[in-house]
Amino acid sequence: MIKCKVCGCEFTPVIDKHYIARDNGESGLTTAFKHTEGNLYDTFDCPACGCQIIAQERKRVYIDVCIAEEVDDDVEESDD
């Protein structure tokens, strides 16, 4: 259960009402070259008063990058 800090309404969070919000921050072309990202949050809206409720901070997904070695299929190996 989540409790709204404004009106006190308690409700069960459901995936259909979930969305991701982020902090206000810098925007524009110059931010493309910086490594600063706003924090992401799992968020729900209160069904009674509509206030935004942040459930928790959300971490970025880790993507493991593996660089494969190129193999030249045109070169035939000779048997000795």
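Overview of the structure.

Conventions and cut-offs
- Residues numbered from 1 in each chain as written.
- Predicted model: local features only at pLDDT ≥ 70, side-chain atom pairs only at ≥ 80, totals over all residues.
- Heavy atoms only, no water.
- Helix = DSSP H or I, 4+ residues; strand = E, 2+ residues; numbered from the N terminus.
- Polar contact = N/O pair within 3.5 Å; in protein donor to acceptor, adjacent residues only side chain to side chain.
- Core = buried A, V, L, I, M, F, W, Y, C linked by side-chain atoms within 4.5 Å.
- Buried < 20%, exposed > 50% of the residue type's maximum accessible area, 1.4 Å probe, protein only.
- Contact = heavy atoms within 4.5 Å.
- Pairing = 2+ DSSP bridges.
- Axes fitted to C-alpha atoms, helices over the stretch in contact; angles between N-to-C directions.

Description of the side chain of Asp42
Residue position: Asp42 is located in strand E4 (residues 40–45). In this structure the side chain of Asp42 is engaged in a polar contact, spanning 2.4 Å, whose partner is the side chain of Arg58.

A word on the nonpolar core
Counting 6 residues, the largest nonpolar core consists of Ile2, Cys4, Phe11, Phe44, Cys46 and Ile53. In this structure, Cys4 is in contact with Cys9, Cys46, Cys49, Cys51 and Ile53, ignoring residues within four places of it in sequence.

Quick look at the sheet that holds E4
Adjacent strands of a sheet form backbone hydrogen bonds with each other and so pair up, either parallel or antiparallel. Across the sheet, 3 strands lie side by side as E3-E4-E5; this open sheet has antiparallel pairing. With partners counted over all chains shown, the strands left at the sheet margins are strand E3 (19–22) and strand E5 (52–58), one partner each. With strand direction ignored, the average angle separating the axes of adjacent strands in the sheet is 40°. Where E3 lies against E4, 4 bridges are found, and the strand directions are antiparallel. Looking at the pairing, Ile20 lines up with Asp42 of E4.

Remember that the coordinates give geometry; whether it matters functionally is a separate question.
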